[in-house]
Amino acid sequence: MIYLAIIALVLIVIYLVMIYNSLVSKRNDVDYAFGGMDTMLKKRYDLLPNLVAIVKTYMEHEKSTLVEIAELRSRREAPELKQQEKEELDTKVETAMSRVMLSVENYPNLKANTNFLKLQAAWNECEEQIAASRRAYNSAVTEYNTAFEQFPGSQFAGTLRYEKKKVFEIPELERANISAKDLFAGK
Amino acid sequence: MTSGGAFDLFYSEILLPKLEQLEAYREEIKKNYDGFLTLVAFGIIVVCGYRIVNDGTVTGVIVLFCMYGIPAAYIIRWRSQKIRDAYSFRFKEEIIGSIIRYHNPTLVHSPEKGIMLKAVEISTIFNDSLKRFESNDEVEGQLGKTYLQFSNVKLEHSTLGMKSKFSGLFLIARFNKKFSGDYLVISNRGSFAAVSSLEQTLQQTNLSRPPLITVENPVFRREFSVFGSDPIEAFYILTPALMQRMLDFKEKVQDEVHFSFSRSRMFVAIRGKDHIFYPPLSKQVNKKDLEAWNEGLGFALALVNDLNLNTRLWSKQ
């Protein structure tokens, strides 16, 4: 009888260790995915100087947008920025670059430029990778939050002082339907 | 895609004359084969009859029958296979080759060649040991910006200690994005969420596979299990648009379809679409058979458009 009790106890301990390890693993997955987002965003900012340099020799009417992009990039590099501020700057850069990419249609010489085409492909790839990293982050956060809220993970989470994480969300402004007319007008 | 009226015209103008010639060839070799069978049967009867007359024992006759009958059966089988292969080869060259060139004149059909075992192993769709591998009827060529290669494949593999057989089409296409990892998208057999969830749990116990990746599309999660080492790269490959296209493709196939992404290539295994180019010796091939084959072939070729592989917006052109 005592042997049965010992075996049951050992099994319970193993189970609890597995739950604990699972929570730790999911929390690390969230951190990894968050780091991935940062890496892709950095890659995007590294592409900006070359893109702006090529584009500004052709685009006479978008000089103000290009200057805005250069300023946003400089501000983003500041080390003391908070996470919220970084996300706001990222959104502004995305919006400004969308306007620039759309305006390329008005400059046939630019569209034919081989260097620009290569950079445009690299930019598209970068945007896809950013989107992928955000989706991966949301997936990791959802799994973590689910483990956090379900029993018995919820008991451990309290003990370890873990907190629920927020998924990546786009700003309210970006949820509105896009007007092509407004985009072309530079709004 | 060739279908309906266009195929009817192609059939009547191009295929029918060739089929008539082949039919004469089929009749001739079938006649020769029937003659061969008759000769062998007659030989056995003569020998057995001779021994019955001389020995007269039933046991002796049975032993005799086995002594001559078993080797005769092997000879018949060997000869039958030779004749079938000869007819099949000629049929594939003339008829199937015509259908393939009709879809796309740049495609190359090699009846004797097939996808190599190494390529199937790289895909890791059938992990663990692969046995009894055969492949034939390779078709390859450039469809727009995408290089595609496919063939019939038959193999045995073991998963979680259980032996399974696969018979169907195996395709390899150059994917439109660069990536470095290996990712598996395995079809779930259960169509209910609970069954798919159980299947995924069981598949996770297979330690030779990378970790399970949870994608956001619930329908995709029900139909497929995704495995890979880097979730970010997996999401980069499996965009919401591609996932929807893969679901639509599976719906079209109406059977198990598995995908794998490795070394910037996509591998697809479609169960059940095998022997699509295997003509019967015993009867004439009719238009309905050819329409089914044409559909199966179009199926494989449509993969490039169905999954939008010719879209090249990124650094891989």
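Being a predicted model, the structure only gives us computed values, none of them experimental.

The rules behind each value
- Residues numbered from 1 in each chain as written.
- Chains lettered and ligands numbered in written order.
- Predicted model: local features only at pLDDT ≥ 70, side-chain atom pairs only at ≥ 80, totals over all residues.
- Helix = DSSP H or I, 4+ residues; strand = E, 2+ residues; numbered from the N terminus.
- Buried ≥ 20, exposed ≤ 12 C-beta atoms within 10 Å, placed from the backbone.
- Axes fitted to C-alpha atoms, helices over the stretch in contact; angles between N-to-C directions.
- Parallel < 35°, antiparallel > 145°, perpendicular 65-115°, else oblique.
- Left-handed = near helix turned anticlockwise from the far one by under 90°.
- Contact = placed C-beta atoms within 7 Å.
- Nonpolar A, V, L, I, M, F, W, Y, C, P; charged D, E, K, R; others polar.
- Core = buried A, V, L, I, M, F, W, Y, C linked by C-beta atoms within 7 Å.
- Domains from an automatic or database assignment.

(A) Structural detail: the overall build of chain B. Check the secondary structure of chain B and you find nine helices and nine strands. In chain B, which comprises 317 residues, the proportion classed as buried is 27%.

(B) Broad picture of the packing of helix α1 (residues 2-56) of chain A against helix α2 (residues 63-76) of chain A. All names here are of chain A. In the contact formed by α1 and α2, the axes pass within 11 Å of each other and the chain directions differ by 160°. The orientation of α1 relative to α2 falls into the category roughly antiparallel. Where α1 crosses over α2, the handedness of that crossing is left-handed. Contact residues: α1 offers Y45, L48, V52, V55 and K56, while α2 offers K63, L66, I69, A70, R73 and R76. A class-by-class count of the residues in the contact of α1 with α2 yields seven nonpolar, no polar and four charged.

(C) Quick peek at the nonpolar core. Counting residues in hydrophobic clusters, the biggest one holds 65 residues, and the most contacted among them are F170, L171, Y183, V226, V268, A269 and A300 of chain B. With seven residues, helix α5 (residues 114-149) of chain A is the single largest residue contributor to this core. Shared between two domains, this core takes at least three residues from each, and those domains are domain 1 (4-103) and domain 2 (109-306) of chain B. Apart from the residues lying within four places of it in its own chain, the contact partners of A300 of chain B are F150, L169 and L171 of chain B. Counting residues in hydrophobic clusters, the runner-up holds ten residues, among them I69, L72, L89 and W123 of chain A.

(D) Just the environment of A122 of chain A, in detail. All names here are of chain A. Of note, A122 is situated in helix α5. C-beta crowding within 10 Å serves as the criterion here: with 18 such atoms nearby, A122 is assigned to the partly exposed category. Spatially, the C-alpha atom of A122 lies 9.2 Å from that of R44, the residues being 78 residues apart in sequence.

(E) Just the domain arrangement of chain B, in detail. Residues and elements named next belong to chain B. The domain boundaries assigned to chain B delineate domain 1 (4-103) and domain 2 (109-306). Each partner contributes residues to the interface: domain 1 has 20 residues there, and domain 2 has 18 residues. Elements that contribute at least two residues to the side of domain 1 that touches domain 2 include exactly α1 (4-54) and α2 (58-103). Per-element accounting of the side of domain 1 that touches domain 2 gives the leading share, 13 residues, to α2. Classifying every residue of the side of domain 1 that touches domain 2 gives eleven nonpolar, three polar and six charged.

(F) Unusual backbone geometry, seen in detail. Residue and element names in this part refer to chain B. At D137, a position not held by glycine, the phi torsion is positive, near 60°. For D137, a count of 26 C-beta atoms within 10 Å translates into the label buried. In this structure, R263 takes a positive phi of about 50° despite not being glycine. By the element assignment, R263 lies in the loop between β8 (257-262) and β9 (265-271).

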